[in-house]
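Residue-level structure breakdown
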Amino acid sequence: DGEGARGGLQASGAEAASGMELTTLFASVDHGVKMQDTFALPRHVESLLALHCPRILFAGATVDPLAADEAEAHDEFERGGSLNRKKESDEIPFVRAQPLARVSARVMRDFAGIELPRGGKVDGPVREALLAFSYQLTIGNTDEAYKAVRAIKSSSVWENMAKMCVKTRRVDVAEVCLGNMGHVRGALAVREAASEPEPEARIAMLAIQLGLLDETQRLYAQCGRHDLLNKSLQAAGRWPEALSIAKERDRIHLAATYHQYAKHLEASGDLAGAIDAYENAGTHTTNVPRLLYAAGQLRELKEYVDRSGHKALFGWWAKFSESAADFDSALEYYDKADDQLARVRVLCFCNRLEDAADLANNTDVAPAVAYHLARQYEARSMVPEAIRLFTKAGRYNQAARLAREHGLTAELQSLSLQAPAQMQGEAASFFEDKGQFDKAVQMYHKSGQTQRAIELCFAHNLFEQLRDIANSLGPDAEPAVFKRCGEFFLDHGQFDKAVGLLVRAGQHHTALELCVLHNIPISEKMAEQMASTVKLDDPTLEARRIETLLKIAKCCKRQGAFHLATMKYTQAGDKVKAMKCLLKSGDSDKIILFAVRSRAREIYILGANYLQNLDWHNDATVLAKIVEFYTKAKALEQLAAFYEAKAAVEVDEYRDYDKALEALREAAGAMERSRVGGREEKVESLQHRIHLIERFLGARRVVKSDPQAMVDTCSELLDQIGIEGAIRVGDIFALMVEWFASQRDYQQAYQSIQKMRARNLLLAPYLDSELIDAVYRAVGVEPEPEAEMARGPAASTKASEGEVDDDNEAIDDEVEDD
């Protein structure tokens, strides 16, 4: 093994600005060439002269020592340092034999710290041990490195090796070095720092213990632990740098840094600076008064409080004034601090109760203010005022206690409702002793003594209170309680109150009989409790359940609760009666939904019959449901009848023969598919009506192209037997009159009008009044007044609706009779 040195311009950037650097190497057969150390050379060094362990000799120009120091300081400034920064203790100096000599020497890193006389030598064993230590450490063999130097007793050598561990990042070796140095505190600190997650933070703690502060800052900054960097700067007394780090990189500890800085300034006697630092730390409300008071600067303290406008400082000065018996000043500053409780306390101490009451009566006052004044009133036997303020403070038990002690029953009842259960029980006993049983029952019930409350209701016939108690009982209450209460109401003729209690007691049959006999309304909840909605496996129990459901449904139907009756009939399996009850309710949406879900023929027919009473002409959804229900029920005869009714409505109400023709065709198609008796005759009748309407529509289409054919067709139609069943005769005459009038053949128009009158037809539904007047004026005849007719144009519609009305009446009769 051997050690060599080389010099040259190896640095770059900032290092190149200062000249050259020197690197020392280890060379061995086993491990090759390993770098041992490198350092920059000062400006005055020109070349390497020799390496003689433990020194390295350099040749250079003669330099004035003062000028050399200034040049090195300038180099440090160029590298980003400070002109005033002192050298760290680990920097190894370049030493000259004489101040102006050309030769200078630098001790090798491994031998730094060993006291050598000028020109002295290191003895052989120590030299060999240190070189072996450095070599083994360089190749990473820690155990061999420690064995090489364990015989050395010099603490300076161990300290130097510990500093080497900072550069080599070997904390384990550093612990051994600190132990051999006898640096117990440092060894403990390094061991505790082992819990830090960053390796640099652990090395930084070692650097702190060795006094390498600049290296500490670099390591903390490198690993991003600006909090620890901040602490190290504070410990070193470098406050401007610590505050700078806290502002830029460690803002979470900015206030704590300012606080520590303030304590430092306070200890240094800089009170003004300490106050500013405390303000920046946000701890001035407690520390500034303490600081100025300790310094005896009361006038300055009062000025500072007034100038700050801070409520906490106002409160501090108010307490100080109160302690000095300056109550007016205390009240003033308590008011500025918005401490109403303290104001009331001082006012009560000064016996100014009226002013305290004015303050406590404020709606925004804290409960503690009202409570304090209430205690003062109680001490002075001002009971009503004390009760009022106790109530305002939310101390209902205190207020109830005073009311009970002084016999104020009205106040006691209202207060006890808000007091704890124990206080309510005491109030109940008080009311019972006074004979006010209704109030006693209320208090017993509120306090949880339900049984005692029920006993009082039985003893003194308190029906309303008993019902309220029973209604408030939960499902886990004993059925015997409900049964006893129900029987009590039953014995006193309070049937409506007894029913609900008997149901909850499980006496369903008795409760249902009462509902039927005394027409007591059944709620949905009661109905569910009387009979289960789930089918039972036992045939006997299932038959009893269905019987109960039917009885409940019938009772609900008589009471007008059709929806509930529908539900119960459905649960009992009688969907037809359920549908009939639902029809009575008039709820179209539910009727349609029920019919769709039931999928039963009779229900489809009932639903379709009901929907015919609605405005199906203007609601396409209803019209579609009618057709759908009749179709699904295969009630083709009813479907055909509906289409006939639709055709009649189109003719009578809207004079829309095209839609009427379409409806009659649908009716004929439905009738042809049916299997009813007399089907052929009905189909033939429908086809005849269809033929008549087709001829009338054909006449309307040729009114301009072949008017004579139109007139002939209309005349033939008027002579047809049963024409009124298909076409309104007035519409045929109106077509002819309008045509003759448009051709100014008023005589023919007049004759057609006269024929209408001969058939007892009203003119107004078919002809415009102006057209009638024009025809009469043209023939020179005065218009004749129209007489009332026995039948109108909508007779066919009324007949068709009569069928639906008959169906609804039948439904009503069935629902009433079931």
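Just so it is clear, the model here is predicted, and its values are computed rather than measured.

Reading the values: the criteria
Residues numbered from 1 in each chain as written. Predicted model: local features only at pLDDT ≥ 70, side-chain atom pairs only at ≥ 80, totals over all residues. Heavy atoms only, no water. Helix = DSSP H or I, 4+ residues; strand = E, 2+ residues; numbered from the N terminus. Buried < 20%, exposed > 50% of the residue type's maximum accessible area, 1.4 Å probe, protein only. Contact = heavy atoms within 4.5 Å. Areas by Shrake-Rupley, 256 points an atom, 1.4 Å probe, with all protein chains shown as cover. pLDDT = per-residue confidence, 0-100. Pairing = 2+ DSSP bridges. Polar contact = N/O pair within 3.5 Å; in protein donor to acceptor, adjacent residues only side chain to side chain. Axes fitted to C-alpha atoms, helices over the stretch in contact; angles between N-to-C directions. Parallel < 35°, antiparallel > 145°, perpendicular 65-115°, else oblique. Left-handed = near helix turned anticlockwise from the far one by under 90°. Nonpolar A, V, L, I, M, F, W, Y, C, P; charged D, E, K, R; others polar. Core = buried A, V, L, I, M, F, W, Y, C linked by side-chain atoms within 4.5 Å. Patch = residues over 30% accessible without salt bridge, like charges linked within 9 Å, V, L, I, M, F, W, Y side chains within 5 Å. Salt bridge = Lys/Arg side-chain N within 4 Å of Asp/Glu carboxyl O. Lys, Arg positive; Asp, Glu negative; His and termini not counted. Charge placed at Lys NZ, Arg CZ, Asp CG, Glu CD.

**Section: the overall build of the chain**
A count of helical and extended segments in the chain gives 44 helices and seven strands. Within the span of the chain, comprising 818 residues, buried residues form 41% of the whole. For the chain, restricting intrachain contacts to residue pairs at least 6 apart in sequence, the fraction spanning at least 24 positions comes to 46%. Accessible surface, the chain as shown: approximately 42,700 Å² in total, 49% of it carbon and sulfur.

**Here's the deal with the confidence of the model for the chain**
Per-residue confidence for the chain averages 77 on the pLDDT scale, and 74% of its residues sit at or above 70. Low pLDDT, under 50, characterises residues 76-90; the predicted model gives this stretch 21 contacts beyond four residues in sequence or across chains. Every residue in residues 788-811 scores below 50 in pLDDT, and together they form 26 contacts with partners more than four places removed in sequence or on other chains.

**Details of the pairing of strand β5 (residues 55-60)**
By the bridge criterion, six bridges tie strand β4 (residues 45-52) to β5 in an arrangement that is antiparallel. Residue pairing for β5: valine 45 is matched across the bridge by glycine 60. The turn joining β4 and β5, which pair antiparallel and follow one another in sequence, is formed by two residues. Sheet analysis places β5 next to strand β7 (residues 103-107), joined by five bridges and oriented antiparallel. Looking at the pairing, arginine 55 lines up with valine 107 of β7.

**Side note on unusual backbone geometry**
Here aspartate 338, not a glycine, exhibits a phi torsion of approximately 60 degrees, which is positive. Along the chain, aspartate 338 turns up in the loop between α16 (327-336) and α17 (340-349). The backbone of serine 381 sits at a positive phi, close to 65 degrees, despite the residue not being glycine. Mapped onto the elements, serine 381 comes out in the loop between α19 (367-379) and α20 (383-392).

**Overview of the environment of tyrosine 334**
When you line up the elements, tyrosine 334 lands in helix α16. A relative accessible area of 1% places tyrosine 334 in the buried class. Apart from the residues within four sequence positions on either side, tyrosine 334 is in contact with Gly315, Ala318, Lys319, Glu322, Asp339, Ala342, Arg343, Arg345 and Val346. Within the local environment of tyrosine 334, its side chain forms a polar contact with the side chain of glutamate 322, the two groups lying 2.7 Å apart.

**Structural notes on the packing of helix α8 (residues 213-223) against helix α9 (residues 226-235)**
Contact geometry of α8 with α9 gives a least axis separation of 8 Å together with a crossing angle of 160 degrees. Classed by the angle they form, the pair α8 and α9 counts as roughly antiparallel. In this structure, the crossing between α8 and α9 has a hand that is left-handed. Contacts between α8 and α9 involve Thr216, Gln217, Tyr220 and Ala221 on the former and, on the latter, His226, Leu228, Leu229, Ser232 and Leu233. Partitioned by chemical class, the residues of the contact of α8 with α9 number five nonpolar, four polar and no charged.

**Digging into the nonpolar core**
Ranked by internal contacts, the top residues of the largest apolar core, which has 96 residues, are Ile522, Met710, Ile727 and Ile732. Of all hydrophobic cores here, the second largest spans 47 residues; its members include Val305, Val346, Ile387 and Ala403.

**Concerning the packing of helix α41 (residues 729-742) against helix α42 (residues 746-758)**
Look at α41 against α42: their axes get within 8 Å of each other, and the N-to-C directions meet at 165 degrees. Relative to α42, the element α41 is oriented roughly antiparallel. In this structure, α41 meets α42 at a crossing whose hand is left-handed. Seen from α41, the contacting residues are Gly730, Phe733, Met736, Val737, Phe740 and Ala741; seen from α42, they are Tyr746, Gln748, Ala749, Ser752, Ile753, Lys755 and Met756. The residue makeup of the contact of α41 with α42, split by class, is nine nonpolar, three polar and one charged.

**Considering α16**
Residues of α16 that are buried: Ser329, Ala330, Leu331, Tyr333 and Tyr334. In this structure, the buried residues of α16 make contact with α14 (298-308), α15 (311-323) and α17. Just beyond α16, the residue with positive phi is aspartate 338, at close to 60 degrees.

**Considerations on a negative patch on the surface**
Residues Glu738, Asp768, Glu770 and Asp773 make up a contiguous surface patch of negative charge. Position of aspartate 773 among the secondary structure elements: in helix α43 (residues 769-779).

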